Amino acid sequence: MNFLRGVMGGQPTGPQPSGAETIQKLCDRVASSTLLEDRRDAVRALKALSKKYRSEVASQAMSHLIHILQTDSSDSEIIGYALDTLYNIFSNDEEEEQDENGQKQADDLGCQFTEIFIKEQENVTLLLSLLEEFDFHVRWPGVKLLTALLKNQCSQVQAVILVSPMGVSRLMDLLADSREVIRNDGLLLLQHLTKCNAAIQKIVAFENAFERLLDVITEEGNSDGGIVVEDCLLLLLNLLKNNNSNQNFFKEGSYIQRMKPWFEVGDENLGWSAQKVTNLHLMLQLVRVMVSPVNPPGATSSCQKSMYHCGLLQQLCTILMATGVPADILTETINTVSEVIRGSQVNQDYFASVNAPSNPPRPAIVVLLMSMVNERQPFVLRCAVLYCFQCFLYKNQKGQGEIVATLLPSTIDANSISAGQLLCGGLFSTDSVSNWCAAVALAHALQDNLTQKEQLLRVQLATSLGNPPVSLLQQCTNILSQGSKVQTRVGLLMLLCTWINNCPIAVTHFLHNQANIPFLTGQISENLEEDEQLVQGLCALLLGICIYYNDNSLENYTKEKLKQLIEKRIGKENFVEKLGSICKHELYSRAAQKPQPVFSSPEQMLFDHEFTKLVKELEAVLTKTVHKSSEEEKKEEEVKKTLEQHDSIVTQYKELIREQDTQINELKTQVSSMKTQNEQLQASLTQQLSQLQQHKDQYNVLKLKLGKDSQQHNAHGKGAQVNGVQSEELSRLWEELEELKKQHGVLQSQLAEKDSLIEKMKSEGAHAVEGTAGSSENNSELQKELETLRAQVQSQSAEISQLQAERQELLNKAETLAMVSAPGNTDSSAAAAKITELEKRLSEVTGETEKIKEEGKIWSDSKAALEQQVATANSSVAILQNEKSKLQQEVAESKKEQDDLLMLLADQDQKIKSLKDKLKELGEPIEEDDDLDTRDQYDDEDDEDDD
């Protein structure tokens, strides 16, 4: 203990040992002491020496400290000392007062020690397990130590944590710690952990990081919060930037809606603290991350919709029009609004409706353009306004039309300032930045919009009093030829190239000015300074567009004459070289990277992002056009015409195929419908056959019953007599007999009508087959006849249904009579006669059925022949033939139904006979002549059917 007192500041008693010797003795003490208190004191002494003797402690004590972490984890105090000592070894924060070289050496030293420590992955895993300890003296030093390791060797430590079981989850638990210092240092730890590692970013996001961070931001006061809000926002940026998966998770979790309160900043804010400006700046960057143009278009569009519906866009526009907002926040807000509305029609329409709180109210677009063309405004603010205007017009033909309309003579309002007037004012001002910005803005109003390019040709400008007005196109070329600043000429040339590109009418207007072509050729052919070479390249681009989109309407400036002019005045190779010099410019490559115009100084403001895409698209085409001869162009035109003809033929065939496909689909539908009808008819036929079999079974049962009763009557020797039949019953039987006679007559007449109708349908069907090759008038008549026949068949079906109902009623009456004619009321001879008569009628019915089947087979054969004849007819009659086949099928069904009627009549006749026999037995007089006449008539009709 005396030794430790000397190390910790006691009075020296002899020669003092060096730092290395002291550290060596302390390490020996840590390794050999059996008492925990001795080891704890030794580690505390190492902690005190670790800042001054960083290298010595690291080289001699690191392994002992790691061993302490492994073996003495139950004592939080010694663990805390060990973690603090390791932190002092790895951390470079205490070297701030050193010079640059000393700081660099300290950083290298910390990285070397960190590399040694993490070489054994178990060491990092050990730290992660210690973070589960809730004791403040263990957890806080552990967080700081792991943060220092990530600062020195980020990617290596990330790899170890990623493969450690529950490693990221343990670190996420730090955000839930109730002690703010641990939570705040945990935020710093997660910031370093999530840098440039998409896998860890996804794990952290799915560990509910968004919910926790947004809760902390809300608790700390949103934009008015302190440094903790800034740390949360930086962590959110790490999680969302360039990570489409996390962005989608953030959107689907409805976290965009929770961003709206961040921007609730009123107009009366008297002071903006530096921390609030920083927080709001990071919040705006988060919004931009979600709607960045580099994101997938579908994801960006979805986020833009969410921001509009939750009111976030409206809140941003409120800040945009508010007073007292710092310039850098206003600039970033303009850039944020730009990307929120870029390519979204709904958001663009809303932005067009926003008015500034002025008297009278002015559109926000006009107010912003006033700042853009005002040279006294900050340069970054003017660039932001230009970007906002470009995003407003991006894929927005409606907005483009509204901007161009403010320049047309019929819509100009002298009492108000419009966007078009501001653009023209900036285009012709003395400030080259305003010239360039106005030219680029006007070019975006014409981007990919042929209608507005033609409309802009109508714009007339009054140059001075007494002079006639000139067109906007003419005024641009006039300023171009006056030799203004390079920046102004570059802007005007980009405007002219965008204007006349893919617009032959604009090319004709440009060529109509006799001075334009000589000016362009003169600019291209001269040997100018390096700054002027960009102007030469743009002049070559403009001349090439005049050749490529020339409709040869001006005799002096046809395609061929312009190419000859290039060959004589400039030279084809020189022209192509000047044209290719545009893409080789350093600022061209920088502008082509992203849509937002970012320039470090006004002198670098030369290229627009959309224009770089136009140059890339036209360079190869124009080069090929200049080198082509007139013969090659003629051949290409011929080939083009041939291809157009071929395309038209292909289009016609495609239409024909579509029509045929439609017809085939219709026919398939008809076939399916007919199959369904056929199945229904088969089911109906099966049902009718089943009913017939039931009637036969009923007949057999009645036959057996009558035979049994007859035998019983003979055995007992009882006489046949009628007992108990009163006069009322006889009168009722007579009435039923008369009713049956009447129904029999009606059925006979209906049967005769149906026979004549079937014959008529047969003759008309044959006539329809013979007339398939006739004129269209016959086809239409046949169509009408088929419709008539269909209606008749439907009427017959209804009548048949009615007859079937009557048949059922007759069966019921027959059963009633059967009950009356029970064995107790009839004699055996009458029963035998009745059975004989029933058997006779059954045989007749069976014969008739066989005849009907033969006739059905003959009719089916004739139907097949008719269908074969109809198949040979042309396609125009095919539909009618299908209708005829359908009617033939219905005729066959009518024939079958007629057969059922015949059977019904036979049954009715049998029942009438039975009733007469019954009356005879009762002693009532019967007119035999009527009976014979009726039967003879029925037999005659059967003979006619057989014939």
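Only a predicted model underlies this, so the values are computations on that prediction, with no experimental measurement involved. (Residues numbered from 1 in each chain as written. Predicted model: local features only at pLDDT ≥ 70, side-chain atom pairs only at ≥ 80, totals over all residues. Heavy atoms only, no water.)

### Concerning the overall build of the chain
- Counting secondary structure elements, the chain contains 41 helices and 4 strands.
- For the chain, the accessible area works out to roughly 48,200 Å², and carbon and sulfur atoms hold 50% of it. (Helix = DSSP H or I, 4+ residues; strand = E, 2+ residues; numbered from the N terminus. Areas by Shrake-Rupley, 256 points an atom, 1.4 Å probe, with all protein chains shown as cover.)

### Some remarks on the packing of helix α24 (residues 419-427) against helix α25 (residues 432-446)
- Look at α24 against α25: their axes get within 7 Å of each other, and the N-to-C directions meet at 135°. Considering their axes alone, α24 and α25 lie oblique with respect to each other. Here α24 and α25 pass one another in a crossing that is left-handed. From α24, L423, G426 and L427 reach across to α25, where they touch S434, N435, A438, A439, A441 and L442.
- When its residues are assigned to classes, the contact of α24 with α25 shows 6 nonpolar, 3 polar and no charged. (Axes fitted to C-alpha atoms, helices over the stretch in contact; angles between N-to-C directions. Parallel < 35°, antiparallel > 145°, perpendicular 65-115°, else oblique. Left-handed = near helix turned anticlockwise from the far one by under 90°. Contact = heavy atoms within 4.5 Å. Nonpolar A, V, L, I, M, F, W, Y, C, P; charged D, E, K, R; others polar.)

### So, the packing of aromatic side chains
- Summed over all chains, the structure comprises 13 aromatic pairs.
- With a centroid separation of 5.4 Å and 25° between ring planes, the pair formed by F136 and W140 is classed as stacked. Taken together, the residues span about one helical turn, with F136 and W140 both in helix α8 (residues 136-152) at a distance of 4 residues.
- These aromatic residues form a ring-pair network of at least three members: F206, F210, F249, F250 and Y255. (Phe/Tyr/Trp six-rings, centres within 6.5 Å; stacked < 30°, edge-to-face > 60°.)

### So, the pattern of salt bridges
- This model, assessed by the stated rule, comprises 21 salt bridges.
- D349 is the partner of K398 in a salt bridge, and the nearest nitrogen-oxygen pair spans 4.0 Å. A residue pair is termed long-range when its members are at least 10 positions apart, and K398 in helix α23 (residues 397-405) and D349 in helix α20 (residues 345-353) qualify at 49 residues.
- Classification of K398 by relative accessible area gives partly exposed; the value is 48%.
- Overall, the relative accessible area of 30% leaves D349 in the partly exposed class.
- Members of the salt-bridge network, linked through shared partners, are R40, D75 and E77. (Salt bridge = Lys/Arg side-chain N within 4 Å of Asp/Glu carboxyl O. Buried < 20%, exposed > 50% of the residue type's maximum accessible area, 1.4 Å probe, protein only.)

### A word on helix α16 (residues 274-290)
- With 17 residues, α16 extends 25 Å between its outermost C-alpha atoms, agreeing within 8% with the 24 Å of an ideal straight helix rising 1.5 Å per residue.
- Judged by how many residues are buried, α16 sits mostly within the fold: 12 of 17 residues are covered. (Expected span 1.5 Å × (residues − 1).)

### Observations concerning the side chain of Q158
- By the secondary structure assignment, Q158 is in helix α9 (residues 154-163).
- Here Q158 is in contact with L150, H192, L193, T194, K195, N197 and I200, once residues within four sequence places are set aside.

### Side note on helix α2 (residues 19-32)
- Spanning 14 residues, α2 covers 20 Å between terminal C-alpha atoms, matching the ideal 20 Å at 1.5 Å per step.
- Turning to α2, its buried residues are G19, T22, I23, L26, C27 and V30. All buried residues of α2 project into a common sector of 135° when viewed along the axis, lining one side. Among the exposed residues of α2, those pointing more than 90 degrees away from its buried face are A31 and S32. (Arc of directions from axis to C-beta.)

### Overview of the environment of F117
- As for its position among the elements, F117 is in helix α6 (residues 100-118).
- For F117 and S63, which are 54 residues apart along the polypeptide, the C-alpha to C-alpha distance reads 9.0 Å.
- Excluding residues within four positions of it along the chain, F117 makes contact with M62, I66, L86, F90, N123, L127 and L149.

### Notes on the packing of helix α3 (residues 36-49) against helix α4 (residues 54-71)
- Two elements in contact, α3 and α4, have axes whose closest approach is 11 Å; the angle formed by their N-to-C orientations is 150°. Of the possible angle classes, the one that applies to α3 and α4 is roughly antiparallel. Read as a crossing pair, α3 and α4 show a hand that is left-handed. Only R54, V57, A61, L65 and I68 of α4 make contact with α3, whose side of the interface consists of R39, V43, L46 and L49.
- Residues that form the contact of α3 with α4 fall into these classes: 7 nonpolar, no polar and 2 charged.

### Observations concerning a nonpolar patch on the surface
- There is a patch of nonpolar side chains on the surface, built from I649, Y653, L656 and I657 and spanning about 390 Å² of accessible area.
- Mapped onto the elements of the fold, L656 is located in helix α36 (residues 630-716). (Patch = residues over 30% accessible without salt bridge, like charges linked within 9 Å, V, L, I, M, F, W, Y side chains within 5 Å.)

### Brief notes about unusual backbone geometry
- Positive phi, close to 60°, is recorded for N242, a residue that is not glycine.
- Within the secondary structure layout, N242 lies in the loop between α14 (227-240) and α15 (244-252).
- Residue classification places N242 among the exposed residues on the basis of a relative accessible area of 67%.
- We note that S254 has phi near 60°; this positive angle belongs to a residue other than glycine.

### What about the environment of F599?
- Here F599 is to be found in the loop between α34 (586-591) and α35 (609-627).
- When the C-alpha positions of F599 and L587 are compared, they lie 9.4 Å apart, and in sequence the two are 12 residues distant.
- If sequence neighbours within four positions are ignored, F599 has contacts with F379, C383, W436, Q604, M605, L606 and F607.

### Overview of the state of the cysteines
- Scanning the entire structure with this criterion turns up 0 disulfides.
- Free of any disulfide, C154 has its nearest cysteine sulfur in C196, 7.4 Å distant. (Disulfide = S-S within 2.5 Å.)

### Let's talk about the side chain of R489
- In this structure, R489 sits in helix α28 (residues 486-500).
- Judged by its relative accessible area of 8%, R489 is buried.
- Polar side-chain contacts of R489 include one of 2.8 Å to the side chain of E532.
- Setting aside anything within four residues of it in sequence, one finds R489 in contact with L480, G483, S484, Q523, E532 and V535. (Polar contact = N/O pair within 3.5 Å; in protein donor to acceptor, adjacent residues only side chain to side chain.)

### Description of the confidence of the model for the chain
- Considering every residue of the chain, the mean pLDDT works out to 79; 74% of them sit at 70 or more.
- In the model, residues 1-12 has pLDDT below 50 throughout and makes 11 contacts with residues more than four positions away in sequence or in other chains.
- A low-confidence stretch, residues 941-947 (pLDDT under 50), is modelled with 7 contacts involving residues beyond four sequence positions or located in other chains. (pLDDT = per-residue confidence, 0-100.)

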